[in-house]
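Observations on chain architecture
Each chain is listed here by its residues.
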Amino acid sequence: MNITRTLVIGRINLSSAKYLTNYNRVNYYSKNTKTQRKKQPHEAKVQAKWLGKNRGQLIVEENTDKHIAERQIVDPVWLMDEYKIQDFKIEDAIEFHKEFARPEMLNNIDGFLNVRFLLDMRAKKKLKFMDSFKSTVYYPHFFADGYKKEVIAICKNDAEIEAARNAGALLAGYSEILQKFEKGEISDQSFDFLVCTPETFPDVMLLKKKINKDKLPSIKTNTVTENIGQIVERFHLSKDYEASKTSDSQAILKTRIGPLNFETNKLVENLGALIEKVKTHKKNAEDTFITSCVLFAPPSTEKFRVDISRFMEVKNEEEEYKESLEQ
């Protein structure tokens, strides 16, 4: 009987079909609106006959046998079916994608590097689970992708108004903006964030019936601050991300972290900033919230699971206090 086995030669066999061995593929149908779908990064898929007429997004979930997971690779050649999936260094995975994007290959060096997280949505109680969530992240290295947030700043001081306008605020001022909200001239659809100073916060709260409660300023969301110029810039240049549940206990989060023509260290820093922000959604188990991280860059079908343990270490109270003093 003729038996064919899949071999991997070295660590740089980049075949996506082989790389995804020992994974279960399930289909997830997005329920987002057409506008929201446009904002999500497209993920090139490997063609497979078993997909049939399914049009859902391809989601990858790890399912490695415990005996296979315990085996250690000792040779440069191994049977991929018999060993656990290997995690690449973040820098190596980025360099692989840059190689694929060269002019003589895919000619996509201006394309975007995307990340996909598999999230553990289990709460402290066994029968409780987290809900899907969405938020924004401010990357240390900004990149243009055609989307910018519209921010309205309510402040009295002339210097604060000027700082907000210079930072990219759609509108900045005090009484004239409050009057526009009162008259209904500013709708919730015309802006993404509303920020104000502690001095003007009581006046803004008088308009809470005119403004969507999700867009009202609050100290918890850091939209009530003295540093109005800085916070306007952060929100104006922030990027969206959204976690969509595939089951009660799992969710997928996909977003961009920068263009491939960025320096590798900048992409790593952007990934670190995203991980730190995502971890805040589950403070009781930050180190186990993100169960896997895959980097992909369409139109390439290659996907590399990377080791993000450097970003998953939970800081103690003393370290957090020192960082707050430095900031």
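Residues numbered from 1 in each chain as written. Predicted model: local features only at pLDDT ≥ 70, side-chain atom pairs only at ≥ 80, totals over all residues. Heavy atoms only, no water.

**Regarding the overall build of the chain**
Of regular secondary structure, the chain possesses 11 helices and 13 strands. Expressed as a percentage of its 327 residues, the buried residues of the chain come to 42%. Taking the intrachain contacts of the chain between residues at least 6 apart in sequence as the baseline, contacts between residues at least 24 apart amount to 75%. Carbon and sulfur atoms provide 48% of the accessible area of the chain, an area that totals close to 19,200 Å². (Helix = DSSP H or I, 4+ residues; strand = E, 2+ residues; numbered from the N terminus. Buried < 20%, exposed > 50% of the residue type's maximum accessible area, 1.4 Å probe, protein only. Contact = heavy atoms within 4.5 Å. Areas by Shrake-Rupley, 256 points an atom, 1.4 Å probe, with all protein chains shown as cover.)

**Quick notes on the nonpolar core**
Residues Phe117 and Leu119 are the most contacted members of the largest nonpolar core, which totals 41 residues. Every element with two or more residues in this core is listed here: α4 (90-100), β5 (112-120), β6 (133-137), β10 (239-245), β11 (250-259), α9 (264-279) and β12 (290-296). Each residue touching Phe117, except ones within four places of it in the same chain, is listed here: Ala251, Ile252, Leu253, Leu271, Leu274, Ile275, Val278, Ile290, Ser292 and Cys293. (Core = buried A, V, L, I, M, F, W, Y, C linked by side-chain atoms within 4.5 Å.)

**A closer look at the packing of aromatic side chains**
If you walk through the whole model with that rule in mind, you get eight aromatic pairs. Taking the centre distance of 5.9 Å and the plane angle of 50° together, the rings of Phe112 and Phe143 count as tilted. Of this pair, Phe112 sits in strand β5 while Phe143 sits in the loop between β6 and β7 (151-154); the two residues are 31 residues apart in sequence, bridging distant segments of the chain. The class for Phe143 is buried, based on a relative accessible area of 3%. Ring plane angle 90° and centroid distance 5.9 Å describe the contact between Phe181 and Phe191, whose orientation is recorded as edge-to-face. Placement of the pair is Phe181 in helix α6 (residues 175-183) and Phe191 in the loop between α6 and β9 (193-196), with a sequence separation of 10 residues. (Phe/Tyr/Trp six-rings, centres within 6.5 Å; stacked < 30°, edge-to-face > 60°.)

**Remarks on unusual backbone geometry**
With an omega dihedral of 10°, the bond running from Pro298 to Pro299 counts as a cis peptide bond. Checked against the element boundaries, Pro299 lands in the loop between β12 and β13 (303-305). Backbone geometry at Asn107 places phi at a positive 55°, although glycine is not the residue there. Within the secondary structure, Asn107 sits in the loop between α4 and β5. Of note, Asn222 is a non-glycine position whose phi angle comes to about 60°, a positive value. For Asn222, the location among the structural elements is in the loop between α7 (201-205) and α8 (228-236).

**Considering the sheet that holds β7**
An order of β8-β7-β9 is seen for the three strands of this open sheet, with the pairing classed as parallel. Of all the strands in the sheet, just β8 (171-173) and β9 have a single pairing partner and so form its edges. Each adjacent strand pair in this sheet contributes to an overall mean axis angle of 10°, direction not counted. In the sheet, β7 pairs with β9 via four bridges, with the strands oriented parallel. Note that in β9 the partner of Ile154 across the bridge is Cys196. (Pairing = 2+ DSSP bridges. Axes fitted to C-alpha atoms, helices over the stretch in contact; angles between N-to-C directions.)

**What about α6?**
Of the positions making up α6, those classed as buried are Ile177, Leu178 and Phe181. An end-on view of α6 places all buried positions within 100° of arc, on one side of the element. Tucked inside the fold, the buried residues of α6 contact β7, β8, β9 and α7. Looking one or two places after α6, you find Gly184, whose phi comes out positive at around 80°. (Arc of directions from axis to C-beta.)

**Description of the sheet that holds β12**
Pairing is antiparallel across the open sheet formed by six strands, whose spatial order is β6-β10-β11-β5-β12-β13. Taken across any chain shown, the strands that pair with only one partner, and hence form the sheet edges, are β6 and β13. Strand-to-strand, the axes of this sheet are offset by a mean angle of 25°, without reference to chain direction. Judged from the three bridges that link them, β10 and β11 form a sheet pairing that is antiparallel. Within β11, the residue paired with Ala243 across the bridge is Leu253. Helix-sheet contacts for α4 involve β5, β12 and β13, and the interaxial angle to β12 is about 25°.

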